[in-house]
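Here is what each chain is made of, one letter per residue.
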Amino acid sequence: MKLSTLAGSHIVATGSAVPDIKISNEILSRIVDTSDTWISTRTGIKERRLLPKHKSIIDLAADAANEALDNALLSPSDIDLIILATSSQNDLFGSASQLQAAIKAKNAMGFDITAACSGFLIGLITASQFIQTGSYKNILIVGADILSRWVDWSDRSTCILFGDGAGAAIIQNTQKNDILGFHLNTNGAEAKQLSISYQYSPEATSSSYRQQSPPSGRYNYLRMNGKEVYKFAVSNVPKSIKKSLNELQISTDDISWLLLHQANQRILEAVADKLSIPTEKVVSNIAQYGNTSAASIPIALNECFEKGKICNGDIIVIAGFGAGLTWGTLVVQWNAIESN
Ligand code: COA
């Protein structure tokens, strides 16, 4: 979708936060039947971070948000809207309000987006709509997940992949526009391939009226069909990127950075290969953090800004994919302009 710009959305600053505790492949191989060689060659992951029990997702999200605020030279009261993308919220009614309180953003309205690994991308696109219609001036988008609390630590096919983290971005209404276009997709028919589903207890589903107790149950651990998710990502993400670039009449040669959701190094390479984008343009930090779900894109984006990799006019193609199943692309051309 090519955007007809009313007001410009500019990425003013980013931030990120990860817990200090590192879980290496070597440590994991003492918990489940796996090895550093298997994990490294199949996924590219060397270690991931784990949030200690006494810390909450709000602590992580607030650290990332405060870093973005500092980098933007903005005060929390300047923020009009907070969008928290998370699928491991500590309150099913939403956690953005807790984040609003934690960072003292007293003028901000807040809401959650639950879309797993695509959550931050959807949050950034949603935020840009509010900016472009002129509704809000400064919007904070945070992607945070602590899937370590939702994986089955005895299931070697999933527990090796995920890590905890948070990343944030602030977008602002400015004259120049960084957000060129996007594409978002959902295939709900394949939702079963990756889910944390709610399961009723057997009594709750009893057909006998007399035996029936109030419906109750609990959430299962994260369940995933790795092969199907792999095929889904490698087939759909390049198509989504091509479609977005074609509409904007941008060639893959013009791309400065390909920033994909950090799920698996092999997925990053396969997508880049299908688009003939050289490896040096592919952003990757999966070795250090694993798959941090909604946090992976903003953590990687923040790293790019911190390292001075993104320069004025650079075109960054950001693509997310994951549970839902959902996937999408956002094309950004970053303008190194002063915030207003
Ligand atoms: N350590 C050692 N062996 C493992 C293992 C582990 N952690 N996990 C699985 N295995 C074994 C399997 O039991 C299987 O053994 P078998 O051949 O004796 O049956 C073998 O390794 C191959 O398993 P398979 O599931 O076919 O491996 P794979 O090459 O598909 O890799 C994933 C598995 C999960 C790494 C890969 O499918 C993947 O990355 N999928 C995408 C997942 C993803 O990105 N999810 C998040 C999206 S947001």
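Residues numbered from 1 in each chain as written. Predicted model: local features only at pLDDT ≥ 70, side-chain atom pairs only at ≥ 80, totals over all residues. Heavy atoms only, no water.

Per an unreviewed UniProt entry, the chain goes by the name Beta-ketoacyl-[acyl-carrier-protein] synthase III and belongs to Scinaia undulata. A UniProt comment under Subunit (unreviewed entry) is attached to the chain, and it reads "Homodimer." Database annotation for the chain, UniProt heading Subcellular location (unreviewed entry): "Plastid, Chloroplast". (UniProt positions renumbered as here; feature names shortened; annotations may be inferred.)

S.K.: Even after reading the chapter, I still don't get helix α8 (residues 265-274), so can you show me in this structure?
M.R.: For α8, the complete set of buried residues consists of Q265, I267, L268, V271 and A272. Looking down the long axis of α8, one finds its buried residues gathered within 165° of arc, a one-sided arrangement. At its buried positions, α8 is contacted by α2 (36-43), α7 (226-248), β13 (257-260), α9 (286-289) and β14 (315-322). The backbone nitrogen of R266 has a side-chain oxygen 2.6 Å away, supplied by the residue at the start of α8, namely N264. Directly after α8, the chain includes S276, whose backbone phi takes a positive value near 55°. (Buried < 20%, exposed > 50% of the residue type's maximum accessible area, 1.4 Å probe, protein only. Helix = DSSP H or I, 4+ residues; strand = E, 2+ residues; numbered from the N terminus. Arc of directions from axis to C-beta. Contact = heavy atoms within 4.5 Å. Polar contact = N/O pair within 3.5 Å; in protein donor to acceptor, adjacent residues only side chain to side chain.)

S.K.: When you look at the site of the ligand in this model, what are you seeing that I'm missing?
M.R.: Of all residues adjacent to the ligand, which total 22 residues, the nearest are T34, R42, R156, K227 and N264. T34 is positioned with one of its side-chain polar atoms (N or O) 2.7 Å from a nitrogen atom of the ligand. One nitrogen or oxygen atom from the main chain of G226 is found 2.9 Å from a nitrogen atom belonging to the ligand. A total of 970 Å² of accessible area belongs to the ligand in isolation, and the protein chains cover 74% of it. Of all elements in the fold, only α2, α6 (156-159), α7, α8 and β14 reach the threshold of two or more residues within the shell around the ligand. If one sorts the elements of the shell around the ligand by residue count, α7 sits on top with 4 residues. Of the residues contributing to the shell around the ligand, the split by class is 9 nonpolar, 8 polar and 5 charged. (Near = heavy atom within 4 Å. Areas by Shrake-Rupley, 256 points an atom, 1.4 Å probe, with all protein chains shown as cover. Nonpolar A, V, L, I, M, F, W, Y, C, P; charged D, E, K, R; others polar.)

S.K.: How should the sheet that holds strand β7 (residues 164-174) be read in this particular structure?
M.R.: Picture the strands of a sheet paired through backbone hydrogen bonds; they go either parallel or antiparallel. Reading across the sheet, the 5 strands line up as β1-β7-β6-β4-β5 and stay open at both edges, with mixed pairing between neighbours. Since the sheet does not close on itself, it has two edges, and those belong to β1 (8-17) and β5 (109-113), each with one partner. If you compare each strand with its neighbour and ignore which way they point, the axes differ by 20° on average. Seen against the sheet, helix α10 (residues 296-306) touches β1, β6 (138-146) and β7 and runs at an angle of roughly 100° to β1. (Pairing = 2+ DSSP bridges. Axes fitted to C-alpha atoms, helices over the stretch in contact; angles between N-to-C directions.)

S.K.: For this particular structure, what's the right way to read the environment of C159?
M.R.: As for its position among the elements, C159 is in helix α6. Distance from C159 to V32, taken between C-alpha atoms, is 8.9 Å for residues 127 residues apart in sequence. Excluding residues that lie within four positions of it along the chain, C159 makes contacts with L28, V32, V151, D152 and W153.

S.K.: Quick question: what am I supposed to make of the packing of aromatic side chains here?
M.R.: Aromatic ring pairs are described here by two measures, namely the spacing of the ring centres and the angle between the planes. For the coordinates displayed, the defined rule picks out 6 aromatic pairs. With centroids separated by 5.3 Å and ring planes inclined at 85°, the aromatic side chains of Y198 and Y200 adopt a geometry described as edge-to-face. Among the residues examined, Y200 registers a relative accessible area of 45% and is labelled partly exposed. Relative to Y219, the ring of Y198 lies with its centre 5.1 Å away and its plane at 75°, an arrangement referred to as edge-to-face. Of this pair, Y198 sits in strand β10 (residues 198-200) while Y219 sits in strand β11 (residues 217-219), placing them 21 residues apart in sequence. Y219 gets classed as partly exposed once you look at its relative accessible area, which sits at 33%. By way of ring pairs, the aromatic residues W150, Y198, Y200 and Y219 are connected into one cluster. (Phe/Tyr/Trp six-rings, centres within 6.5 Å; stacked < 30°, edge-to-face > 60°.)

S.K.: Is there a simple way to think about the UniProt feature "active site" (unreviewed entry) in the chain in this case?
M.R.: As recorded in UniProt, the sites labelled "active site" (unreviewed entry) are C117, H261 and N291. Of the residues just listed, which span 175 residues, no C-alpha pair is farther apart than 8.6 Å, and they cluster in one region. The topology assignment puts H261 in the loop between β13 and α8. The class for H261 is buried, based on a relative accessible area of 1%. H261 has contacts with C117, L268, N291, S293, S296, I297, A319, G320 and F321, leaving out every residue within four places of it along the chain.

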